[in-house]
Amino acid sequence: MKWQSCKKILVIRPDNMGDLIMSGPAIRALKETFNAHITVLTSGMAKNIIAHMPEVDDSIIFDLPWVKTADTPKPGMLNEVVATIKQGNFGAAVIFTVLSQNPLPTAMLAYLAGIPQILAYCRENPYQLINCWVPDKEPYEGIKHQVQRDLDLVAHVGAYTNNNDLRLLSNYSFSDLNQKLQAYYIELKKPWVILHSGVSELKRQYPLHEWALVGKELVESGYQVLLTGASSEKAMTDDLQKLIGAGSFSVAGLLPLNEFICLVEHAPLLLSVNTGTIHIAAAFKTPTIVLYAQTNPQHTPWNTPAAILEFSVPQHLKSKNEVIRFLDRKLYSQPVPLPSPAQIIEAAQQLLPKQVENASL
């Protein structure tokens, strides 16, 4: 079966929300080129973003044991995954990976489900397991942004798009959001910014007391500082709000994803660590300052105004993955200190609109 005749394609991206968002342009290329119905197999961590991705028609949600998840999958669930995939009668499967991942366990699911065309990057020869094999030369012969890596993969089977930007659908009213936040003494008609300090991994963390200095400077310059995060991060944003004081607002867990997307869409500026929120911002061209732990260089903000302030990962928190360790030796051999609050404020001066009279920023 040729790819042009594949009208049902399974895209497998069983990682975090940000990873799936970055695969959006490549998924768009598949949909536009082959006029295909796209089903995404992804994790419980990413499932909520699917409704906001216009390229995706359907989804299959499983947390696979070779992907880091909060839960411990049971061995028998793999048979369930294969059975579910079989029911889809897919003509092709595309497996998106970061450069440090091995696609073979994921490819086995598609192979056992009888999907005739399977496309993926792989370092070793997968023989019949991946019959559309693209040898993975990253990171040894160069490094691409994750969005470009995924676009180049689907280009191997002739899939292209004229729009390589990230895209998400925002389905919540900004006026309704403003009204909701007024109950918490937040006025979105006045100057404001988002400060998103939560991390999925300790090695990406920026000290809370340093964030507090940034927040205080922003407040003194006339900006409301909205401290966002998941419900599980509410205690942290509450602590940060106490450190910053009046003019800052702890809203972690207050906004469902659709409302949070709306907030990011309209934000004058997002300050964040390297997490899925920066990719939501990129989908709306929201200016972003990202404190970027030197882990995977592929995941910086894509096609949006941004300042990237890198810092080294503590030695005891560095990955044991040998591909990541190679990257660390190649790119990050010299230690880089945490960015100072002054550096962050300087970046904000460049990215924030001049909307506060007599502001010091």
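Refer to the structure printed above.
Only a predicted model underlies this, so the values are computations on that prediction, with no experimental measurement involved.

## Thoughts on the overall build of the protein chain
Line of reasoning, step 1. The helix and strand tally for the protein chain stands at twelve helices and twelve strands.
Line of reasoning, step 2. For 361 residues, the compact-globule formula gives about 21 Å, and the C-alpha radius of gyration of the protein chain, at 21 Å, lands near that figure.
Line of reasoning, step 3. Taking the principal axes of the C-alpha coordinates as reference, the protein chain spans close to 65 × 45 × 40 Å.
Line of reasoning, step 4. Counting every position in the protein chain, which comprises 361 residues, the buried fraction comes to 54%.
Line of reasoning, step 5. In the protein chain, the proportion of contacts linking residues at least 24 apart, taken out of those at least 6 apart, comes to 64%.
Line of reasoning, step 6. With an accessible surface of roughly 15800 Å², the protein chain has 51% of that area assigned to carbon and sulfur atoms.
Line of reasoning, step 7. Of the charged side chains in the protein chain, 30 are positive and 32 negative, and the gap between their average positions amounts to 4 Å.

## Quick look at the sheet that holds strand E12 (residues 306-311)
Line of reasoning, step 1. Spatial ordering of the open sheet is given by E9-E8-E7-E10-E11-E12, a layout of six strands whose pairing is parallel. With one partner strand each, in any of the chains shown, strand E9 (248-250) and E12 form the two edges of the open sheet. Strand-to-strand twist in this sheet, taken as the mean axis angle between neighbours without regard to direction, amounts to 15 degrees.
Line of reasoning, step 2. Note that strand E11 (residues 288-293) and E12 share six bridges and pair parallel. Bridging across to E12, isoleucine 289 finds its partner in alanine 307.

## Some thoughts on the packing of helix H7 (residues 208-220) against helix H12 (residues 341-351)
Line of reasoning, step 1. Two elements in contact, H7 and H12, have axes whose closest approach is 9 Å; the angle formed by their N-to-C orientations is 40 degrees. Our classification of the angle between H7 and H12 gives oblique. Handedness of the H7/H12 crossing: right-handed. In this structure, H7 contributes Glu210, Leu213, Val214, Glu217 and Leu218 to the contact, and H12 contributes Pro341, Ile344 and Ile345.
Line of reasoning, step 2. Each residue belonging to the contact of H7 with H12 can be placed in one class, and the counts come to six nonpolar, no polar and two charged.

## Considering the side chain of glutamate 55
Line of reasoning, step 1. Along the chain, glutamate 55 falls in the loop between strand E2 (37-42) and strand E3 (58-61).
Line of reasoning, step 2. The class of glutamate 55 is buried, set by a relative accessible area of 4%.
Line of reasoning, step 3. Filtering out sequence-adjacent residues up to four positions away, glutamate 55 remains in contact with Gly24, Ile27, Arg28, Lys31, Ile38 and Arg167.

## Here's the deal with the environment of glycine 91
Line of reasoning, step 1. In this fold, glycine 91 is placed in the loop between helix H3 (77-87) and strand E4 (92-95).
Line of reasoning, step 2. Exposure remark for glycine 91: the relative accessible area of 8% places this residue in the buried category.
Line of reasoning, step 3. Measuring from C-alpha to C-alpha, the distance between glycine 91 and valine 56 comes to 16 Å, with 35 residues separating the pair along the chain.

## Structural notes on H7
Line of reasoning, step 1. In this model H7 runs 18 Å from its N-terminal to its C-terminal C-alpha over 13 residues, within 8% of the 18 Å that 1.5 Å per residue would give.
Line of reasoning, step 2. Glu210, Trp211, Ala212, Val214, Gly215 and Leu218 are the residues of H7 that are buried.
Line of reasoning, step 3. Positive phi appears at glycine 222, one or two residues downstream of H7, with a value of about 100 degrees.

Thresholds, definitions, all that
- Residues numbered from 1 in each chain as written.
- Predicted model: local features only at pLDDT ≥ 70, side-chain atom pairs only at ≥ 80, totals over all residues.
- Heavy atoms only, no water.
- Helix = DSSP H or I, 4+ residues; strand = E, 2+ residues; numbered from the N terminus.
- Rg over C-alpha atoms; globule rule 2.2 N^0.38 Å.
- Buried < 20%, exposed > 50% of the residue type's maximum accessible area, 1.4 Å probe, protein only.
- Contact = heavy atoms within 4.5 Å.
- Areas by Shrake-Rupley, 256 points an atom, 1.4 Å probe, with all protein chains shown as cover.
- Lys, Arg positive; Asp, Glu negative; His and termini not counted.
- Charge placed at Lys NZ, Arg CZ, Asp CG, Glu CD.
- Pairing = 2+ DSSP bridges.
- Axes fitted to C-alpha atoms, helices over the stretch in contact; angles between N-to-C directions.
- Parallel < 35°, antiparallel > 145°, perpendicular 65-115°, else oblique.
- Left-handed = near helix turned anticlockwise from the far one by under 90°.
- Nonpolar A, V, L, I, M, F, W, Y, C, P; charged D, E, K, R; others polar.
- Expected span 1.5 Å × (residues − 1).

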